[in-house]
Amino acid sequence: MMSRIPLMAGNWKMNNDKRETLDFLSSFLPKVKELTVEIVICPPFTSLYAAAEKLVGTNVKLGAQNMHWEEKGAFTGEVSPLMLKELPCDYVIIGHSERRQYFAETDETVNNKIKSALKHELAPIVCVGETLEQREEGITIDFVMGQVEKALKGIEAEEAKKIVFAYEPIWAIGTGKTASAADAQEVIGAIRNKISELYNKEVAEAVRILYGGSVKPENIKELMAEADIDGALVGGASLKAESFYAICSFNL
Ligand code: 13P
(Lines give C-alpha, C1' and ligand atoms only; values in the text may rest on other atoms or scores of the structure.)
Protein backbone atom coordinates (compact mmCIF):
# COMPACT_ATOMS: atom_id res chain seq x y z
CA MET A 1 0.00 0.00 0.00
CA MET A 2 1.22 3.47 -0.85
CA SER A 3 2.00 5.56 2.21
CA ARG A 4 0.63 9.06 2.21
CA ILE A 5 2.51 11.95 3.82
CA PRO A 6 0.36 13.55 6.56
CA LEU A 7 -0.76 17.08 5.73
CA MET A 8 -1.64 19.77 8.29
CA ALA A 9 -3.21 22.85 6.74
CA GLY A 10 -4.16 26.01 8.63
CA ASN A 11 -7.13 27.89 7.21
CA TRP A 12 -6.92 31.32 8.77
CA LYS A 13 -10.18 32.53 7.19
CA MET A 14 -10.56 36.34 7.61
CA ASN A 15 -7.95 36.54 10.39
CA ASN A 16 -4.30 37.62 10.68
CA ASP A 17 -3.31 40.79 8.86
CA LYS A 18 0.20 41.23 7.48
CA ARG A 19 1.80 42.07 10.82
CA GLU A 20 0.09 39.20 12.62
CA THR A 21 1.09 36.84 9.82
CA LEU A 22 4.76 37.80 10.10
CA ASP A 23 4.64 37.56 13.91
CA PHE A 24 3.07 34.11 13.64
CA LEU A 25 5.78 32.92 11.25
CA SER A 26 8.62 34.31 13.39
CA SER A 27 7.57 32.09 16.23
CA PHE A 28 6.18 29.13 14.19
CA LEU A 29 8.96 28.49 11.65
CA PRO A 30 11.78 27.68 14.14
CA LYS A 31 9.47 25.30 16.05
CA VAL A 32 8.48 23.20 13.01
CA LYS A 33 11.87 23.03 11.28
CA GLU A 34 12.47 19.38 12.10
CA LEU A 35 8.94 18.09 11.57
CA THR A 36 8.29 15.54 8.84
CA VAL A 37 4.59 16.18 8.18
CA GLU A 38 3.72 18.54 5.34
CA ILE A 39 2.56 21.91 6.68
CA VAL A 40 0.55 24.54 4.81
CA ILE A 41 -0.74 27.90 5.99
CA CYS A 42 -3.58 29.64 4.16
CA PRO A 43 -3.61 33.33 5.18
CA PRO A 44 -6.00 35.93 3.74
CA PHE A 45 -5.03 37.36 0.32
CA THR A 46 -3.50 40.55 1.73
CA SER A 47 -1.02 38.52 3.81
CA LEU A 48 0.03 36.07 1.09
CA TYR A 49 2.86 38.10 -0.42
CA ALA A 50 4.56 38.83 2.90
CA ALA A 51 4.14 35.18 3.93
CA ALA A 52 5.56 33.92 0.62
CA GLU A 53 8.74 35.95 1.12
CA LYS A 54 9.19 34.69 4.65
CA LEU A 55 8.58 31.05 3.65
CA VAL A 56 11.39 30.86 1.07
CA GLY A 57 13.76 28.03 2.04
CA THR A 58 11.51 26.74 4.86
CA ASN A 59 9.48 23.55 5.21
CA VAL A 60 6.13 25.39 5.37
CA LYS A 61 4.07 25.81 2.22
CA LEU A 62 1.61 28.48 1.24
CA GLY A 63 -2.02 28.16 0.23
CA ALA A 64 -4.80 30.58 -0.71
CA GLN A 65 -8.37 30.29 0.55
CA ASN A 66 -10.13 30.73 -2.79
CA MET A 67 -9.55 31.69 -6.42
CA HIS A 68 -11.42 32.32 -9.64
CA TRP A 69 -11.08 29.75 -12.44
CA GLU A 70 -10.29 32.27 -15.18
CA GLU A 71 -6.71 33.46 -15.75
CA LYS A 72 -7.61 37.14 -16.00
CA GLY A 73 -10.31 39.55 -17.08
CA ALA A 74 -13.27 41.58 -15.91
CA PHE A 75 -14.02 39.82 -12.60
CA THR A 76 -13.94 42.62 -10.03
CA GLY A 77 -12.71 41.50 -6.64
CA GLU A 78 -11.46 38.10 -7.81
CA VAL A 79 -7.96 36.59 -7.77
CA SER A 80 -6.67 34.30 -10.53
CA PRO A 81 -4.65 31.07 -10.45
CA LEU A 82 -1.79 32.80 -12.28
CA MET A 83 -1.60 35.43 -9.54
CA LEU A 84 -1.45 32.76 -6.85
CA LYS A 85 1.13 30.76 -8.75
CA GLU A 86 3.35 33.84 -9.09
CA LEU A 87 3.65 34.39 -5.30
CA PRO A 88 4.16 31.34 -5.24
CA CYS A 89 1.30 29.42 -3.64
CA ASP A 90 1.39 25.62 -3.74
CA TYR A 91 -2.15 25.00 -2.54
CA VAL A 92 -5.59 26.56 -2.79
CA ILE A 93 -8.67 25.75 -0.72
CA ILE A 94 -11.69 25.22 -2.97
CA GLY A 95 -15.36 25.10 -2.02
CA HIS A 96 -15.07 25.72 1.71
CA SER A 97 -18.55 25.45 3.26
CA GLU A 98 -18.44 29.15 4.19
CA ARG A 99 -17.97 29.98 0.51
CA ARG A 100 -20.74 27.60 -0.49
CA GLN A 101 -23.08 29.05 2.17
CA TYR A 102 -22.32 32.79 2.07
CA PHE A 103 -20.88 33.32 -1.41
CA ALA A 104 -23.12 31.09 -3.47
CA GLU A 105 -20.46 28.65 -4.65
CA THR A 106 -21.98 25.58 -6.28
CA ASP A 107 -20.74 22.11 -7.16
CA GLU A 108 -20.31 23.42 -10.69
CA THR A 109 -18.13 26.43 -9.79
CA VAL A 110 -16.18 24.18 -7.42
CA ASN A 111 -15.53 21.78 -10.31
CA ASN A 112 -14.40 24.68 -12.57
CA LYS A 113 -12.02 25.91 -9.89
CA ILE A 114 -10.52 22.46 -9.28
CA LYS A 115 -9.85 21.97 -13.00
CA SER A 116 -8.26 25.41 -13.24
CA ALA A 117 -6.10 24.86 -10.12
CA LEU A 118 -4.82 21.55 -11.51
CA LYS A 119 -4.09 23.12 -14.89
CA HIS A 120 -1.95 25.74 -13.12
CA GLU A 121 -0.25 23.23 -10.84
CA LEU A 122 -1.87 24.48 -7.66
CA ALA A 123 -2.92 21.56 -5.47
CA PRO A 124 -6.60 22.00 -4.62
CA ILE A 125 -7.83 21.27 -1.08
CA VAL A 126 -11.46 20.50 -1.87
CA CYS A 127 -13.92 20.85 1.01
CA VAL A 128 -17.03 18.73 1.39
CA GLY A 129 -19.36 18.12 4.31
CA GLU A 130 -22.96 17.90 5.47
CA THR A 131 -25.15 20.21 7.57
CA LEU A 132 -26.56 19.20 10.95
CA GLU A 133 -30.00 18.69 9.37
CA GLN A 134 -28.54 16.34 6.77
CA ARG A 135 -26.72 14.35 9.45
CA GLU A 136 -29.91 14.07 11.51
CA GLU A 137 -31.84 12.95 8.43
CA GLY A 138 -29.26 10.19 7.91
CA ILE A 139 -28.22 11.35 4.44
CA THR A 140 -24.60 12.31 5.24
CA ILE A 141 -22.93 9.64 3.12
CA ASP A 142 -25.20 10.16 0.10
CA PHE A 143 -24.83 13.92 0.22
CA VAL A 144 -21.05 13.96 0.65
CA MET A 145 -20.52 11.31 -2.05
CA GLY A 146 -22.61 13.48 -4.38
CA GLN A 147 -20.34 16.46 -3.65
CA VAL A 148 -17.24 14.34 -4.32
CA GLU A 149 -18.58 12.98 -7.59
CA LYS A 150 -19.56 16.43 -8.86
CA ALA A 151 -16.20 17.88 -7.80
CA LEU A 152 -14.37 15.25 -9.86
CA LYS A 153 -16.48 15.54 -13.01
CA GLY A 154 -14.29 15.51 -16.14
CA ILE A 155 -11.00 15.14 -14.23
CA GLU A 156 -8.54 12.47 -15.42
CA ALA A 157 -7.06 9.88 -13.04
CA GLU A 158 -3.50 11.27 -13.11
CA GLU A 159 -4.82 14.73 -12.22
CA ALA A 160 -7.22 13.41 -9.58
CA LYS A 161 -4.28 11.96 -7.63
CA LYS A 162 -3.06 15.50 -6.91
CA ILE A 163 -6.28 16.59 -5.22
CA VAL A 164 -6.56 16.79 -1.45
CA PHE A 165 -10.07 16.39 -0.02
CA ALA A 166 -11.11 17.86 3.31
CA TYR A 167 -14.17 16.39 5.00
CA GLU A 168 -15.58 19.18 7.15
CA PRO A 169 -18.98 18.52 8.69
CA ILE A 170 -20.55 21.99 8.86
CA TRP A 171 -21.91 21.43 12.38
CA ALA A 172 -18.34 20.83 13.62
CA ILE A 173 -16.83 24.04 12.20
CA GLY A 174 -16.01 26.65 14.82
CA THR A 175 -18.41 25.03 17.27
CA GLY A 176 -15.93 23.17 19.45
CA LYS A 177 -17.95 20.07 18.59
CA THR A 178 -15.60 17.68 16.77
CA ALA A 179 -16.90 14.65 14.91
CA SER A 180 -15.80 11.52 16.73
CA ALA A 181 -12.78 9.88 15.13
CA ALA A 182 -15.03 6.95 14.18
CA ASP A 183 -17.62 9.22 12.50
CA ALA A 184 -14.89 11.09 10.61
CA GLN A 185 -13.32 7.79 9.53
CA GLU A 186 -16.67 6.48 8.32
CA VAL A 187 -17.20 9.38 5.91
CA ILE A 188 -13.54 9.67 4.89
CA GLY A 189 -13.35 5.90 4.25
CA ALA A 190 -16.47 6.25 2.09
CA ILE A 191 -14.84 9.10 0.14
CA ARG A 192 -11.83 6.87 -0.56
CA ASN A 193 -14.11 4.05 -1.74
CA LYS A 194 -15.96 6.49 -3.96
CA ILE A 195 -12.69 7.63 -5.56
CA SER A 196 -11.76 3.98 -6.13
CA GLU A 197 -15.13 3.40 -7.77
CA LEU A 198 -14.80 6.51 -9.99
CA TYR A 199 -11.16 5.76 -10.96
CA ASN A 200 -9.29 2.83 -9.42
CA LYS A 201 -7.56 1.70 -6.25
CA GLU A 202 -4.28 3.36 -7.16
CA VAL A 203 -5.88 6.81 -7.36
CA ALA A 204 -7.85 6.20 -4.16
CA GLU A 205 -4.66 5.23 -2.29
CA ALA A 206 -2.80 8.31 -3.56
CA VAL A 207 -5.38 10.97 -2.68
CA ARG A 208 -5.00 12.56 0.74
CA ILE A 209 -8.16 13.14 2.72
CA LEU A 210 -8.16 15.51 5.69
CA TYR A 211 -10.63 16.01 8.49
CA GLY A 212 -11.68 19.54 9.50
CA GLY A 213 -13.99 20.89 12.21
CA SER A 214 -12.81 21.92 15.69
CA VAL A 215 -9.47 20.14 15.38
CA LYS A 216 -7.25 20.98 18.35
CA PRO A 217 -4.12 19.67 20.05
CA GLU A 218 -6.34 17.54 22.33
CA ASN A 219 -8.06 15.55 19.57
CA ILE A 220 -5.56 15.36 16.70
CA LYS A 221 -3.88 12.12 17.85
CA GLU A 222 -7.12 10.22 17.97
CA LEU A 223 -8.16 11.45 14.53
CA MET A 224 -4.77 10.61 12.99
CA ALA A 225 -4.96 7.07 14.36
CA GLU A 226 -7.76 6.30 11.88
CA ALA A 227 -6.73 4.43 8.74
CA ASP A 228 -8.03 6.88 6.16
CA ILE A 229 -7.48 10.25 7.86
CA ASP A 230 -4.33 11.78 6.36
CA GLY A 231 -4.27 15.10 8.16
CA ALA A 232 -6.35 18.08 9.19
CA LEU A 233 -7.69 21.36 7.89
CA VAL A 234 -7.55 23.54 10.99
CA GLY A 235 -9.34 26.84 11.55
CA GLY A 236 -9.26 28.48 15.00
CA ALA A 237 -6.44 26.35 16.42
CA SER A 238 -4.12 27.27 13.52
CA LEU A 239 -4.17 30.99 14.35
CA LYS A 240 -1.66 30.74 17.18
CA ALA A 241 1.83 29.34 16.60
CA GLU A 242 1.75 27.33 19.82
CA SER A 243 -1.45 25.41 19.14
CA PHE A 244 -0.80 24.84 15.43
CA TYR A 245 2.67 23.55 16.31
CA ALA A 246 1.09 21.18 18.85
CA ILE A 247 -1.16 19.83 16.09
CA CYS A 248 1.66 19.51 13.52
CA SER A 249 3.82 17.62 16.04
CA PHE A 250 1.06 15.15 17.00
CA ASN A 251 3.33 12.18 16.26
CA LEU A 252 6.31 13.19 18.42
P1 13P B 1 -12.37 25.31 13.05
O2 13P B 1 -11.12 24.48 13.18
O3 13P B 1 -12.25 26.67 13.61
O4 13P B 1 -13.57 24.55 13.51
O5 13P B 1 -12.58 25.53 11.46
C6 13P B 1 -12.53 24.44 10.62
C7 13P B 1 -12.49 24.91 9.21
O8 13P B 1 -13.47 25.41 8.68
C9 13P B 1 -11.22 24.79 8.48
O10 13P B 1 -11.39 25.03 7.12
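Reading the values: the criteria
- Residues numbered from 1 in each chain as written.
- Predicted model: local features only at pLDDT ≥ 70, side-chain atom pairs only at ≥ 80, totals over all residues.
- Heavy atoms only, no water.
- Axes fitted to C-alpha atoms, helices over the stretch in contact; angles between N-to-C directions.
- Helix = DSSP H or I, 4+ residues; strand = E, 2+ residues; numbered from the N terminus.
- Parallel < 35°, antiparallel > 145°, perpendicular 65-115°, else oblique.
- Contact = heavy atoms within 4.5 Å.
- Nonpolar A, V, L, I, M, F, W, Y, C, P; charged D, E, K, R; others polar.
- Near = heavy atom within 4 Å.
- Polar contact = N/O pair within 3.5 Å; in protein donor to acceptor, adjacent residues only side chain to side chain.
- Areas by Shrake-Rupley, 256 points an atom, 1.4 Å probe, with all protein chains shown as cover.
- Salt bridge = Lys/Arg side-chain N within 4 Å of Asp/Glu carboxyl O.
- Buried < 20%, exposed > 50% of the residue type's maximum accessible area, 1.4 Å probe, protein only.
- Expected span 1.5 Å × (residues − 1).
- Core = buried A, V, L, I, M, F, W, Y, C linked by side-chain atoms within 4.5 Å.
- Phe/Tyr/Trp six-rings, centres within 6.5 Å; stacked < 30°, edge-to-face > 60°.
- Lys NZ or Arg CZ within 6 Å of the ring centre and 35° of its normal.
- Disulfide = S-S within 2.5 Å.

J.: Describe in detail the packing of helix α5 (residues 107-119) against helix α7 (residues 140-151), supporting the description with residues and values.
T.: At a minimum axis separation of 8 Å, α5 and α7 run at an interaxial angle of 45°. Taken together, the axis directions place α5 and α7 in an arrangement best described as oblique. Of the residues in α7, those touching α5 at D107, N111 and I114 are Q147, K150 and A151. Of the residues belonging to the contact of α5 with α7, the class tally is two nonpolar, two polar and two charged.

J.: Help me get a handle on the site of the ligand, residues and values and all.
T.: Taken together, 13 residues lie near the ligand, and K13, H96, G174, S214 and G236 sit nearest. Contacts to the ligand include K13, whose side-chain N or O atom sits 2.8 Å from an oxygen atom. H96 is positioned such that a nitrogen or oxygen atom in its side chain is 2.8 Å from an oxygen atom of the ligand. With the chains in place, 94% of the 300 Å² that the ligand exposes on its own is no longer accessible. Considered class by class, the residues forming the shell around the ligand number four nonpolar, seven polar and two charged.

J.: Run through the pattern of salt bridges, naming residues and quoting values.
T.: For the structure shown, the criterion picks out 22 salt bridges. Between K13 and E98 there is a salt bridge; the shortest N-O distance is 2.8 Å. A residue pair is termed long-range when its members are at least 10 positions apart, and K13 in the loop between β1 (7-11) and α1 (18-32) and E98 in helix α4 (residues 97-102) qualify at 85 residues. Here K13 falls in the partly exposed class, since its relative accessible area comes to 21%. What makes E98 partly exposed here is its relative accessible area of 22%. If you follow the salt bridges from partner to partner, you end up with R4, R192, K201, E205, D228 and D230 in one network.

J.: Quick rundown of α5? Include the residues and the values.
T.: Over its 13 residues, α5 runs 18 Å from end to end, which matches the ideal 18 Å to within 8%, given 1.5 Å per residue. All buried positions along α5 are accounted for by T109, V110, N111, K113, I114, S116, A117 and L118. Close packing links the buried residues of α5 with α3 (81-86), β4 (91-94), α4, β5 (123-128), α7 and α8 (157-160). Once α5 finishes, E121 follows within two positions and takes phi at roughly 55°, a positive value.

J.: Let's hear about the side chain of E38: which residues, and what values?
T.: In this fold, E38 is placed in strand β2 (residues 38-42). Using a relative accessible area of 12% as the deciding quantity, one classes E38 as buried. Here K61 takes part through its side chain, which lies 3.0 Å from a polar atom of the side chain of E38. Once you skip the residues sitting within four places of it in the chain, E38 turns out to touch I5, P6, L7, M8, K61, Y91 and R208.

J.: Could you give an account of the nonpolar core, with specific residues and numbers?
T.: Membership of the largest hydrophobic core comes to 70 residues, with the highest contact counts inside it found for M8, I41, F165, I191, I195, Y211 and F244. For this core, the element with the highest residue contribution is helix α9 (residues 181-198), accounting for seven residues. Ignoring anything within four residues of it in the chain, the contact list for I195 reads L152, F165, N200, V203, A204, V207 and I209. Core analysis: the next-biggest nonpolar cluster, separate from the first, contains 13 residues, V40, Y91, I93 and A166 among them.

J.: Break down the packing of aromatic side chains for me, with residues and values.
T.: Per the stated rule, a full pass over the model turns up five aromatic pairs. Relative to F244, the ring of F28 has its centre 5.4 Å away and its plane inclined at 15°; by these criteria the two rings are stacked. Here F28 is found in helix α1, whereas its partner F244 is found in helix α12 (residues 241-248), with 216 residues between them in sequence. Neither F28 nor F244 differs from the other in exposure class; each is buried. One aromatic cluster is present, formed by W12, F24, F28 and F244 through successive ring pairs. Between the NZ or CZ atom of R99 and the centre of the ring of F103, over which it lies, the distance is 4.4 Å.

J.: So what's going on with the environment of A241? Residues and values would help.
T.: Positionally, A241 belongs in helix α12. In the structure, A241 is positioned 45 residues away from S196 in sequence and 37 Å away in space, judged by C-alpha atoms.

J.: Could you give me a rundown of the state of the cysteines, with the residues and numbers involved?
T.: Within this structure, the stated rule accounts for zero disulfides. Summary of cysteine pairing: C127 is not part of a disulfide, and the nearest cysteine sulfur, belonging to C42, is at 9.3 Å. Left without a disulfide partner, C248 is nearest to the cysteine sulfur of C42, which lies 12 Å away.

Interpretation note: all reported values are geometric properties and have no functional meaning in isolation.
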